[in-house]
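Tertiary structure, described
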Amino acid sequence: MNAIYPGSFDPVTYGHLDIIERAAKKLDHLIVAVLNNPSKKGIFTVEERIDLLVEVTKHLPNVEIDFFSGLLSDYAVKKNCFTMIRGLRAVSDFEYEMQMALVNRKLNPKIETLFLVSDSKYAFLSSSIVKEIAQLNGNFSCFVPKVVEEALKDKFKGGL
Ligand code: ADP
């Protein structure tokens with residue numbers, strides 16, 4: 001089975017990587033797709049997010065990194081892949097994730113969303129939290145791979 005793991009990945013954290021590694025083990029092929037959303041400007045450009053994802057998944061031969069703009073349901077048709085992977089951290093994720101899964105299935109009934117429950121180690125971890133710690137000069141090395149840590153330090157060098 002092939003699947004798409006869509007998200008912002010601004011930037012990729014160990015929480016995302018855990019989902020990618022666990023999903024890749026169960027799948028023939030996993031496409032990690034970075035959403036290019038012009039109305040939600042991230043810290044990293046889509047190209048930078050892709051480069052970081054490529055770097056941290058290079059040990060996973062069945063994982064491909066791509067990006068998409070617009071509707072996920074249109075991207076699913078383009079890739080001819082209708083299984084979505086999402087991660088669930090806490091009950092707080094549930095409402096939004098359920099809404100997205102239902103909307104996507106409404107837009108295209110072929111789309112199924114599969115949820116992987118976060119590892120308890122990463123249940124509190126989000127890209128936003130990591131960005132906040134980085135911005136405030138805290139130690140976030142246990143939340144992201146080294147290459148992401150360096151990229152974040154670089155972004156916040158000299159303040160924003
Ligand atoms: P969004 O698409 O809401 O901007 P992200 O790009 O950060 O969110 O996340 C993409 C997917 O990865 C979502 O399903 C999210 O729940 C999941 N995810 C993010 N952080 C973690 C984590 N620490 N553990 C498990 N899943 C996570």
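Everything quoted here is computed from the prediction, not taken from an experiment.

**Looking at helix H5 (residues 127–135)**
- Along H5, the residues that are buried comprise Ser127, Val130, Lys131 and Ala134. All buried residues of H5 fall inside an arc of 100° around its axis, so they share one side.
- Lining the buried residues of H5 we find helix H1 (14–26) and helix H6 (146–156).
- Downstream of H5 by a residue or two, Asn137 has a phi angle that is positive, lying close to 65°.

**Here we look at the packing of aromatic side chains**
- Under the defined criterion, the tally for this structure stands at 4 aromatic pairs.
- Aromatic side chains Tyr5 and Phe9 sit 5.1 Å apart centroid to centroid with 85° between the ring planes, which places their arrangement in the edge-to-face category.
- Overall, the relative accessible area of 5% leaves Tyr5 in the buried class.
- Among the residues examined, Phe9 registers a relative accessible area of 2% and is labelled buried.

**A few points about the pattern of salt bridges**
- Counting across every chain of the model gives 14 salt bridges.
- Residues joined by salt bridges that share partners form a network here, namely Lys146, Glu149, Glu150 and Lys153.

**What to know about the nonpolar core**
- Ranked by size, the top nonpolar core spans 34 residues in total, and within it Leu30 and Val32 carry the most contacts.
- If you list the elements that add at least two residues to this core, you get strand S1 (2–7), H1, strand S2 (29–35), helix H2 (46–56), strand S3 (63–68), H5 and H6.
- Contacts of Leu30, omitting those with residues within four sequence positions, involve Ala3, Ile4, Tyr5, Ile20, Ala23, Ala24, Asn62, Val63, Glu64 and Ile85.
- Of all hydrophobic cores here, the second largest spans 11 residues; its members include Ala33, Phe68, Leu72 and Cys81.

**Quick notes on the site of the ligand**
- Taken together, 17 residues surround the ligand, and among them Tyr5, Ser8, Gly87, Tyr122 and Leu125 come closest.
- Between His16 and the ligand, the recorded distance is 3.1 Å, taken from a side-chain N or O atom to an oxygen atom.
- Considering the ligand on its own, with 550 Å² of exposed area, one finds that the protein chains cover 89% of that surface.
- Elements that contribute at least two residues to the shell around the ligand include exactly S1, H1, strand S4 (83–88) and helix H4 (91–107).

Reading guide: rules and limits
- Residues numbered from 1 in each chain as written.
- Predicted model: local features only at pLDDT ≥ 70, side-chain atom pairs only at ≥ 80, totals over all residues.
- Heavy atoms only, no water.
- Buried < 20%, exposed > 50% of the residue type's maximum accessible area, 1.4 Å probe, protein only.
- Helix = DSSP H or I, 4+ residues; strand = E, 2+ residues; numbered from the N terminus.
- Arc of directions from axis to C-beta.
- Contact = heavy atoms within 4.5 Å.
- Phe/Tyr/Trp six-rings, centres within 6.5 Å; stacked < 30°, edge-to-face > 60°.
- Salt bridge = Lys/Arg side-chain N within 4 Å of Asp/Glu carboxyl O.
- Core = buried A, V, L, I, M, F, W, Y, C linked by side-chain atoms within 4.5 Å.
- Near = heavy atom within 4 Å.
- Polar contact = N/O pair within 3.5 Å; in protein donor to acceptor, adjacent residues only side chain to side chain.
- Areas by Shrake-Rupley, 256 points an atom, 1.4 Å probe, with all protein chains shown as cover.

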